[in-house]
Amino acid sequence: GAGAGAGGASSLRPPLKMFPRDPYGEGNVVTMATVRRFGNAGIVTSQLANEISFSHVYDGGLVGTDDACVHADNTYTTCQNLTLPLADRANCTKVWHHNWVHDCREKCMRGDDYTVGLSGHHNVIWNCAMGSTCNPRGGCDRNDGHGIGGSGWLVKGDNNSVYATTIFNVSADTQGSLVIDTTPLPDTGRGAGWPRQNIHSVFLNSLAYNVSGKNGVQPGPATVAVYRGMVHGNSTTASDMGLADPDRFNFSLLPNSPLRRAGAIAPPWAPAVNGGERPDVGAYQTGEPYWVPGCRFSPDCRP
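In what follows, the accompanying structure is described. Since the structure is predicted, the reported quantities are computational estimates derived from the model, not experimental observations.

## Considering the overall build of the protein
When helices and strands are tallied, the protein shows zero helices and 19 strands. Within the protein, the proportion of its 303 residues that are buried is 54%. Taken as a whole, the protein presents about 12,800 Å² of accessible surface, with 53% of it coming from carbon and sulfur.

Right, here's the structure in full:
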């Protein structure tokens, strides 16, 4: 992973990119990486099949605008053309799991336009939209220093799934903690336009301060394929939700947490636990081993 340098501009590192030379190249993997202190995006992927797992990405978006610490790019591949037969498309299955992503100036995670087949689970996302300069294309977001179009996780496209995810401490003045784009997507030369995004997507058993759409379209059970076990509202601070000690990277649930056994049973994403009980909401399940992402072989990697 990229580490901080001695200071100044020289300490900013370019993003870790996963763009295969072969347009049909698939299967890139980033795992157990620590990516920190970078200019715009920390990890950038194409829409082709990839995995980002057990990685710790933070302190990003330090240069530029419209950034995300982890970003699936919208560069065209055949997998995004839903008018093609499945056999004629590249593999778009992207799995991002067991990551910590935090302290990003605008968005922490984003699946950009035409994102297809992104499955995100057991991720912890916090301290997003932590402040920005003005956007040269459109002035300032507000005069309050918050990120331009900031959000915890922005999900565009279709056939995506987000479940068992914990999102907290995202500025309430931004797009939202979890932004599910359900607006139409016009034809831009990538096949027929989509009448609505995320109509076949799944959102389950996740904590977010607020779940919002774009352009006034509010997501929910009527706009996506599955929407269950989502916990959001005005009382989703880390202490209210019974996270053990987030300041010390302990996101497990206290015994009195309202997230315990509050999730929905919805296989294959969220099977029953302990012989029939409902799962917990969020990235850590009671009774399961506590996972810690990022580079572990050197003390310099650790938070």
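## So, the pattern of salt bridges
For the structure shown, the criterion picks out seven salt bridges. Put simply, Lys156 and Asp112 hold a salt bridge, and the shortest N to O gap is 3.6 Å. With Lys156 in the loop between β11 (151-155) and β12 (161-163) and Asp112 in the loop between β9 (107-111) and β10 (118-128), this residue pair connects regions lying 44 residues apart in the sequence. The burial state of Lys156 is the same as that of Asp112; both residues are buried. A salt bridge links Arg261 to Asp280; its shortest N-O distance comes to 2.8 Å.

## Comments concerning unusual backbone geometry
In the segment running from Pro267 into Pro268, the intervening peptide bond is cis, with an omega of 5°. Note that Pro268 resides in the segment after β19 (250-253). Not every positive phi belongs to a glycine, and Phe249 is a case in point at roughly 60°. Within the secondary structure, Phe249 sits in the loop between β18 (243-245) and β19. By relative accessible area, Phe249 is classed as partly exposed at 24%.

## Here we look at the packing of aromatic side chains
Counted according to the given criterion, the structure contains 11 aromatic pairs. When the ring of Trp100 is compared with that of Phe249, the centres are 5.2 Å apart and the planes differ by 15°; the resulting orientation is stacked. Residue Trp100 is found in strand β8 (residues 94-104), and its partner Phe249 is found in the loop between β18 and β19; the two are separated by 149 residues along the sequence. Ring geometry for Phe168 against Phe251: centres 6.1 Å apart, planes inclined by 55°, an arrangement best described as tilted. Placement of Phe168 in strand β13 (residues 166-170) and of Phe251 in strand β19 is noted, with a sequence separation of 83 residues between them. For the pair formed by Phe168 and Phe251, the shared burial category is buried. Put simply, the rings of Phe54, Trp100, Trp126, Phe168, Phe249, Phe251, Tyr284, Tyr290 and Trp291 touch in pairs and so form one group of aromatic residues.

## A few points about the nonpolar core
Core analysis: the biggest nonpolar cluster contains 31 residues, and Val57, Trp96, Val101, Met109, Trp153, Leu178 and Phe203 have the highest contact counts within it. Listing elements by their share of this core, those giving two or more residues are β7 (68-72), β8, β9, β10, β11, β13 and β14 (176-180). In contact with Met109, other than residues within four places in its own chain, are Val70, Trp96, Val101, Ile125, Gly152, Trp153 and Leu154. One finds Phe168, Ala238, Leu243 and Leu259 within the second-largest nonpolar core, a separate group that totals 15 residues.

## Observations regarding the pairing of β9
The buried count for β9 comes to five of five residues, which makes it a mostly enclosed element. Alignment of β7 against β9, held across four bridges, turns out to be parallel. Bridge pairing in β9 places His71 opposite Arg110.

## Quick word on the state of the cysteines
What the rule picks out here adds up to two disulfides. Residue Cys69 pairs covalently with Cys104 via a disulfide, S to S 2.0 Å. Its torsion about the S-S bond being -120°, the disulfide of Cys69 and Cys104 is classed as left-handed. Separated by 35 residues along the polypeptide, Cys69 in strand β7 and Cys104 in strand β8 bring together distant segments of the chain.

## Some details on the side chain of Asn205
Among the secondary structure elements, Asn205 is positioned in the loop between β15 (202-204) and β16 (211-212). According to the relative accessible area criterion, Asn205 is buried, its value standing at 3%. Only 2.7 Å separates the side chain of Asn205 from the backbone nitrogen of Ala264, close enough to count as a polar contact. Ignoring anything within four residues of it in the chain, the contact list for Asn205 reads Ala164, Thr165, Arg228, Gly229, Met230, Gly263, Ala264, Ala270, Pro279, Asp280, Val281 and Gly282.

## Focus on the side chain of Asp158
Its place among the elements puts Asp158 in the loop between β11 and β12. One buried charge, Asp158, has no salt-bridge partner; the nearest side chain with opposite charge is Arg196, at 8.0 Å. Engagement of the side chain of Asp158 in a polar contact is seen with the backbone nitrogen of His200, the distance being 2.8 Å. Filtering out sequence-adjacent residues up to four positions away, Asp158 remains in contact with Thr115, Val116, Gly117, Trp194, Asn198, Ile199, His200 and Ser201.

Quick notes on the rules
- Residues numbered from 1 in each chain as written.
- Predicted model: local features only at pLDDT ≥ 70, side-chain atom pairs only at ≥ 80, totals over all residues.
- Heavy atoms only, no water.
- Helix = DSSP H or I, 4+ residues; strand = E, 2+ residues; numbered from the N terminus.
- Buried < 20%, exposed > 50% of the residue type's maximum accessible area, 1.4 Å probe, protein only.
- Areas by Shrake-Rupley, 256 points an atom, 1.4 Å probe, with all protein chains shown as cover.
- Salt bridge = Lys/Arg side-chain N within 4 Å of Asp/Glu carboxyl O.
- Phe/Tyr/Trp six-rings, centres within 6.5 Å; stacked < 30°, edge-to-face > 60°.
- Core = buried A, V, L, I, M, F, W, Y, C linked by side-chain atoms within 4.5 Å.
- Contact = heavy atoms within 4.5 Å.
- Pairing = 2+ DSSP bridges.
- Disulfide = S-S within 2.5 Å.
- Polar contact = N/O pair within 3.5 Å; in protein donor to acceptor, adjacent residues only side chain to side chain.
- Lys, Arg positive; Asp, Glu negative; His and termini not counted.

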